Amino acid sequence: MKKSTKILLTVLALVLVVGVFVGAWVMFSPDTAAGGKTIEVEVTHLDGKEVSFTLNTEEEYLAPALLAEELISGTQEEYGLFIDTVDGEYADPAQNQWWVFTVNGEMGMYGADTQPITDGDVYAFSIYEG
C-alpha cells in the first residue's frame, strides 16, 4: 500500500473517532433552557443557619447564575469550577470540608458550571465534613 494511502486512511480514522466523541457529547450532555428563569437557592451554613435566595436569571447553567449574584466563589480547576465559598462561608479543604449541592432534593449529576437550570428548580448547598 502506498504511503499516501496509509496517511489518508489514518486521517479518516481520526476524523471518525473525533466525530464519534463529539456525537456522544452532544447526545449525552444535559439539555439547557434558554430565556428567563426563576430559581431558588437554599444555603445551610455550618452553624445550622439556613438562608434562601430567589434568583431571576437568563443563564443556562448554575455557576454563571450564582457567580453573577456573587453568591459563590471558587477556582477554575481541570474538571470545572471548584466552589469553596457560598454566601460568604468558606469550606476549608484542609479541614475536610466541601460544598455539595442538590437539585430539587437529589444529588447534582454535574458540576455547577455544567448543571443546567430550569425555571422553578431548587438548589440546596451545604458543607460536607468528611
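Since the model is a prediction, treat every value here as computed from it, not as a measurement.

Caption draft 1: Structural context of the pairing of strand β2 (residues 50-57). In terms of strand pairing, strand β1 (residues 37-44) meets β2 through eight bridges, oriented antiparallel. The residue of β2 that forms the bridge with Thr 44 is Glu 50. The antiparallel pairing of β1 with β2 creates a hairpin that spans five residues between the two strands, and Gly 48 there sits at a positive phi of about 90 degrees.

Caption draft 2: Inspection of unusual backbone geometry at higher detail. Here the phi dihedral of Glu 70 falls at roughly 55 degrees; this positive angle occurs in a residue that is not glycine. Positionally, Glu 70 belongs in the loop between α2 (62-68) and β3 (72-77). Unusually for a residue other than glycine, Asn 104 sits at a positive phi of about 55 degrees. Mapped onto the elements, Asn 104 comes out in the loop between β6 (97-103) and β7 (106-107). Take Asn 104: its relative accessible area is 45%, and that puts it in the partly exposed class.

Caption draft 3: Spatial organisation of the sheet that holds strand β4 (residues 80-86). Taken in spatial order, the three strands line up as β3-β4-β5 in an open sheet, and their pairing is antiparallel. Across the chains shown, the open sheet's two edge strands, defined by having one partner strand only, are β3 and β5 (89-90). Strand direction decides the pairing type here: β4 and β5, joined by two bridges, are antiparallel. By the bridge assignment, Thr 85 is partnered in β5 with Tyr 90.

Caption draft 4: Examining the sheet that holds β1 more closely. Strand order across the open sheet formed by five strands is β2-β1-β8-β6-β7, with mixed pairing between neighbours. Lying at the two open borders of the sheet, with one neighbouring strand each, are β2 and β7.

Calculation rules
- Residues numbered from 1 in each chain as written.
- Predicted model: local features only at pLDDT ≥ 70, side-chain atom pairs only at ≥ 80, totals over all residues.
- Heavy atoms only, no water.
- Pairing = 2+ DSSP bridges.
- Helix = DSSP H or I, 4+ residues; strand = E, 2+ residues; numbered from the N terminus.
- Buried < 20%, exposed > 50% of the residue type's maximum accessible area, 1.4 Å probe, protein only.

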